[in-house]
Each structure stands twice: as structure tokens, then as C-alpha cells.
Amino acid sequence: MQVLSNGVPVPTDSEHFAPMRDSTALLDDPAKLREQFQQDGYVYLRGVLDRSKVMALRGHYFGMFDDSYFKPGTGREDGVWSGVIPEGQLRHGVAGHPAHTLVRSEYFARFTADPALEALARALLDHDDVRQLPRQIVRHFNKGPVSSRAHTDYDYMDKGSASIITMWLPVGDCPVQSGGLTYLEGSHTIPKSKLDVLKAKRTDRPDDTRPISHDLGWTAQQLGGRWLYADYQAGDVAIHSPHLVHASLDTQTDTMRMSVDLRFLPTSVEPDPRWLKPWAGDDGN
Ligand SMILES: O=C(O)CCC(=O)C(=O)O
């Protein structure tokens, strides 16, 4: 099966596509973990969260949808699409949609307050006092040519401090074909001016100045580096710098991709005010 992003094939030979470095062995060594993060612009950590809690979140979320959305005979934790979008299902994340409800729930607040995440944020930011931004995003994709375009997070939060990290959590197992996050190797050191000149050249969103491109092969050709992937399992966490170019891959399996992205920063720095309100799919940010 081809790897796609927004319907465009991503080159997968070893010169263009490679596994992320697995830094799980550094979990007990905050200084080394931070060093790895600074060197690569990301760390990928396996089994940080309790798998059963992550799967329970998946079941809880998919439990809020109509039965007809799921393949008959499968469980809600499986999140297997029937191929049907139920009549009246709202656009992802708008008021009344399950993702909008979930991010405002006590259940989700307990999940995102997992001490293991905060401990990682303290280690990577090298600060004792850290906070999580209230704009916590729940993403979910059924099969189709739709993914997040190549971008850096700082282009979406540039009214606040760049001392910020993003944690990406697959909510369920997420092999490459189910459409996880992919990082452009070494791209956290590329000057912003070099990214900005690419923006209007090859984009399916000409009116949006934030994404670099929907074409990951072209993006890597312009910037260098391989797209890095992982065979994510529930409980894993990928953490990246706000300057690392990243994107996601199309979901090509019946099993739907669900993920959460969270941001942490030291309490002493100024956050972007747009990230101080709960996320909504139509909040424009
Ligand atoms: O999950 C995605 O499709 C994109 C997530 C993302 O860009 C992020 O976590 O920074």
C-alpha cells in the first residue's frame, strides 16, 4: 500500500522515509532525554501512558457517535469505520460534535493531567514549574485523502513564547497506514525565512499563510531530510519542538485514527492568548 498525505504519494524508499529514533531508554535520564530532544527536535517514547487508559478514552469518545458509524460486530474501542457517515453528524470539533464535548469534560481533564506527561514536560523544558495550555486538540480521521499539511507549530502560536513543546498522543494503535504524525528530519534548525518562501509555491490552501505544503515529497525535496514515521501504539508519546516541520499521513485503514495534541510551557513565559481557551474545530486557530 502506498503512503499518502492529502492524497499525494509520499516517497517511501530509505532515502526519503525512515523510522523515528526511539528514545524510550532515556526515560529515566532527564538530562540525556533533553539533549536528544535538542539534537533531533523531537523524541519518540513508547509506553509512557497506561495502554488501558488510552484505549478507554478511545472507547469513551467513539461511544458518543451513532451506531451506524461503526462496522457491525466491532467494539467502540476498536473504532472501525462502517464506511458510512451518519446523517446529521456534525463537522469535526464544532459545538455538539463529540470532540468538542470531550475536550470540555472532566474525563478528558483527568486523562490529560496524567503526571507522566507533566514530568516529561518538566524534563524537556528544564523547568520545575510548567503548565499545559487549555487548547487541547482531539483529532480523528476516517479513511480518506485528508491529513495535516507540512507546518511548524510556531506558525500557529507566534503571539507567545517559543519555549513550548507539543505532545502528540495516538489514542489507539496507529501504524503508518492509519495516518500518524511524521517529522521532517533535522528541520527544527532551518531558518524560518527559508520555510516562509516555500509557502505560496505549492499549496492546496493558497489563502492560509501558515502551512508550508500539502505535498510532503516536494517539501522534503526543497528542505532536505527524510520524513520520519513510527508504528505508534496506544500509550506512546511523540514530543516535538515548535520549529520542527511535521505533518500527518492519510488514514487508509478502516480503523480510524484518533489522537490528542497537548502543549506545555514554563509557567514563567507568556503563552499565545489564542491557546488559553478550549479548542473548537471552527475556532480558526
Ligand atoms: O495529528 C495531526 O494530524 C497533526 C498534529 C500536529 O500538527 C501537532 O500535534 O502539532
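The model shown is predicted, which means the values in this text are computed figures rather than measured ones.

Novice: What is the right way to look at the sheet that holds strand S3 (residues 17-19) in this model?
Specialist: Within the open sheet, the four strands sit side by side as S3-S9-S8-S11. Their pairing is mixed. Each end of this open sheet is capped by a strand with a single partner; those strands are S3 and strand S11 (246-248). Between one strand axis and the next, the sheet turns by 35° as a mean value, whatever way the strands run. Here two bridges tie strand S8 (residues 181-184) to strand S9 (residues 227-229), and the two strands are oriented antiparallel to one another.

Novice: What am I meant to see in the pairing of S8 here?
Specialist: For a regular strand, side-chain orientation follows a simple rule: the groups alternate between the two sheet faces. What you see with S8 is no split at all: Leu181 and Tyr183 on one side and Thr182 and Leu184 on the other are buried throughout. Relative to S11, S8 runs antiparallel, the two sharing three bridges. Bridge pairing in S11 places threonine 182 opposite alanine 247.

Novice: Could you clarify how one ought to interpret the site of the ligand in this entry?
Specialist: Near the ligand lie 14 residues; those nearest to it are Ser148, Trp168, His246, Arg257 and Arg263. Side-chain polar atom of histidine 151 to an oxygen atom of the ligand: 3.0 Å apart, as the coordinates give it. A distance of 3.1 Å separates an oxygen atom of the ligand from a polar side-chain atom of aspartate 153. Here the ligand has 290 Å² of accessible area as a free molecule, and 99% of this is covered by the chains. Spatially, the ligand is embedded in the largest pocket. With four residues, strand S12 (residues 257-266) is the largest single contributor of residues to the shell around the ligand. Here the residues of the shell around the ligand sort into two nonpolar, seven polar and five charged.

Novice: Can you help me understand helix H1 (residues 30-40) in this one?
Specialist: In an α-helix, one turn spans 3.6 residues; hence positions three or four apart end up facing the same way. Regarding H1, the residues found buried are Leu33, Arg34, Gln36, Phe37 and Asp40. End-on, the buried residues of H1 take up no more than an arc of 160°, which puts them together on one face. Counted as exposed and oriented over 90 degrees from the buried face of H1: Glu35, Gln38 and Gln39. Close packing links the buried residues of H1 with strand S4 (42-45), helix H5 (115-125), strand S7 (165-170) and strand S10 (237-240). Downstream of H1 by a residue or two, glycine 41 has a phi angle that is positive, lying close to 80°.

Novice: When you look at the layout of surface pockets in this model, what are you seeing that I'm missing?
Specialist: The method is simple in principle: a probe with the dimensions of a water molecule rolls over the atoms, and the space it marks as empty is what remains. Space inside the largest pocket adds up to approximately 1100 Å³. In this structure, the largest pocket is lined by 44 residues; those nearest its centre are Arg139, Phe141, Ser148, Arg205 and Gly281. Elements with a contribution of two residues or more to the lining of the largest pocket: strand S6 (137-141), S7, S11 and S12. Of all the elements, S6 adds the most residues to the lining of the largest pocket, at five residues. For the lining of the largest pocket, a count of residues per class yields 15 nonpolar, 16 polar and 13 charged. Looking at the second largest pocket, its volume works out to about 170 Å³. Along its surface, the second largest pocket is lined by Leu49, Asp50, Lys53, Val54, Ala56, Leu57, Tyr107, Arg110, Phe111 and Asp114.

Novice: What is the right way to read the environment of glycine 83 from this model?
Specialist: Take glycine 83: it is sitting in the loop between helix H2 (51-62) and helix H3 (98-103). Overall, the relative accessible area of 47% leaves glycine 83 in the partly exposed class. Separated by 15 residues in sequence, glycine 83 and serine 68 have C-alpha atoms that sit 9.0 Å apart.

About the thresholds
- Residues numbered from 1 in each chain as written.
- Predicted model: local features only at pLDDT ≥ 70, side-chain atom pairs only at ≥ 80, totals over all residues.
- Heavy atoms only, no water.
- Pairing = 2+ DSSP bridges.
- Helix = DSSP H or I, 4+ residues; strand = E, 2+ residues; numbered from the N terminus.
- Axes fitted to C-alpha atoms, helices over the stretch in contact; angles between N-to-C directions.
- Buried < 20%, exposed > 50% of the residue type's maximum accessible area, 1.4 Å probe, protein only.
- Near = heavy atom within 4 Å.
- Polar contact = N/O pair within 3.5 Å; in protein donor to acceptor, adjacent residues only side chain to side chain.
- Areas by Shrake-Rupley, 256 points an atom, 1.4 Å probe, with all protein chains shown as cover.
- 1 Å grid on protein atoms, 1.4 Å probe; cavity = no way out; pocket = protein on both sides within 12 Å on 5 of 7 lines; lining within 4 Å.
- Sits in = over half its atoms within 2 Å of the grid points.
- Nonpolar A, V, L, I, M, F, W, Y, C, P; charged D, E, K, R; others polar.
- Arc of directions from axis to C-beta.
- Contact = heavy atoms within 4.5 Å.
- Points joined across faces, edges and corners; volume = space filled by probe spheres on them.

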